[in-house]
Amino acid sequence: MELLRKIDHIVDGAVRVRFTSPHPADVTEELAEAIAGLPSLCEHIHLPVQSGSDEILRRMKRGYGRDEYLEKVALLRTKTPGLAITTDIIVGFPGETEEDFQETLGLMQTVGYDGAFMFKYSPRPHTPALEMSDQVPEEIKGRRLEQALGLLNQLSLERNRAYLGRTVEVLVDREDVKGDHARLAGRTRQNKIV
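To start, this report covers the structure provided alongside it.

Parameters at a glance
- The written sequence of each chain sets the order in which its residues are numbered from 1.
- The predicted nature of this model means local features are confined to residues of pLDDT at least 70 and side-chain atom pairs, given and counted, to a pLDDT of 80 or more, with totals for whole chains, interfaces and linings taken over all residues.
- Each side-chain value is derived from all of the structure's non-hydrogen atoms; neither hydrogens nor water enter the calculation.
- Paired strands are those between which DSSP finds at least two bridges.
- Secondary structure elements follow DSSP: runs of H or I of four or more residues count as helices, runs of E of two or more count as strands, with numbering from the N terminus.
- Note on geometry: axes are lines fitted to C-alpha atoms, helical ones only across the stretch in contact, with angles between N-to-C directions running from 0 to 180 degrees.
- Any two rings among Phe, Tyr and Trp, with Trp reduced to its six-membered ring, count as a pair given centres within 6.5 Å; such a pair is stacked if its planes are under 30 degrees apart, edge-to-face if over 60, and tilted if neither.
- Between buried and exposed lies partly exposed: a residue is buried under 20% and exposed over 50% of the maximum accessible area for its type, with that area taken using a 1.4 Å probe on protein chains only.
- The criterion used for residue contact is that any of the two residues' heavy atoms lie within 4.5 Å.
- We place a 1 Å grid over just the protein atoms. Points where a 1.4 Å probe fits but has no way out form a cavity, open points with protein on both sides within 12 Å along at least 5 of 7 lines form a pocket, and any residue with an atom within 4 Å of a point lines it.
- Grid points are joined across faces, edges and corners, and a volume is the space filled by probe spheres set on the points.
- Just so you know the grouping, Ala, Val, Leu, Ile, Met, Phe, Trp, Tyr, Cys and Pro go in nonpolar, Asp, Glu, Lys and Arg go in charged, and all remaining residues, Gly too, go in polar.

Once that is clear, we can look at the sheet that holds strand E3 (residues 115-120). Strand order in this open sheet of 3 strands is E1-E2-E3, and the pairing throughout is parallel. Since the sheet does not close on itself, it has two edges, and those belong to strand E1 (44-46) and E3, each with one partner. The average angle at which neighbouring strand axes cross in this sheet is 10°, direction not considered. As paired elements, strand E2 (residues 84-91) and E3 share 6 bridges and run parallel to each other. Paired with Ile89 across the bridge in E3 is Met118.

The following block contains the structure:
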């Protein structure tokens, strides 16, 4: 956290600092207080979870469980109530049962993610998962990904609706993607595209 404090002091509010993608084990009281208290730090964190199932997290060797992850989320949101949280989720990891998948959907609902990068598990050379005998069929992975994306869209919409009627700071960084030179696009401090 000393580095974040030094950066905050150096930039003195002149720029935004986005601290993203720590391992959940690295989310501490000190980090949560830094996000809440350092003016340059944006109110957004990308906190990868991968799965909501303790069994799948164990098989992935993630080093944390569902409850520990949810405790980290609660700590962060207690310190910064408007914190936007995004994540990474993999569906169809070897051995993932329908119950495991439902636990992931349940975790998504509990956290109320602002966004996520979601993927179907795909075999990678030289990984232990490649050798696991209980590979999930492609059609099941596809269905699960579709279902998880549908839930994410609902959750994101709910989170975004909370911004209706509010005025927020936007860092403009480009022209509208449709090429309309009169329209600009940028991101809020919560990393939402406007």
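There is more to say, and it comes next.
According to the stated counting rule, one finds 2 aromatic pairs in the structure shown. Centre to centre, the rings of Phe93 and Tyr121 are 5.3 Å apart; their planes meet at 75°, and the pair counts as edge-to-face. One end of the pair, Phe93, is in the loop between E2 and helix H5 (98-111); the other, Tyr121, is in the loop between E3 and helix H6 (138-161), and 28 residues separate them in sequence. In terms of burial, Phe93 and Tyr121 fall into one category: buried.

Below, the discussion takes up the side chain of Asp8. Relative to the helices and strands, Asp8 is located in helix H1 (residues 2-11). Not counting the four nearest positions on each side in its chain, Asp8 is found in contact with Gly13, Leu38, Pro39, Ser40 and Leu41.

By volume, the largest pocket is sized at about 330 Å³. Along its surface, the largest pocket is lined by 16 residues, and Met60, Ile90, Phe93, Tyr121 and Ala129 are the ones closest to its centre. Its residues placed into classes, the lining of the largest pocket shows 8 nonpolar, 3 polar and 5 charged. One number sums up the size of the second largest pocket: a volume of about 250 Å³. What lines the second largest pocket is a set of 14 residues, among which Thr86, Asp114, Gly115, Arg187 and Asn191 lie closest to the centre. Ranked by residues supplied to the lining of the second largest pocket, first place goes to E3 with 3 residues.

Next up on the list: the environment of Pro24. Topologically, Pro24 is positioned in the loop between H1 and helix H2 (29-37). Assessed through its relative accessible area of 1%, Pro24 is described here as buried. C-alpha separation for the pair Pro24 and Val73, spaced 49 residues apart in sequence, amounts to 9.0 Å. Beyond its immediate chain neighbours, meaning those up to four positions away, Pro24 contacts Leu47, Pro48, Arg62, Tyr64, Tyr69 and Lys72.

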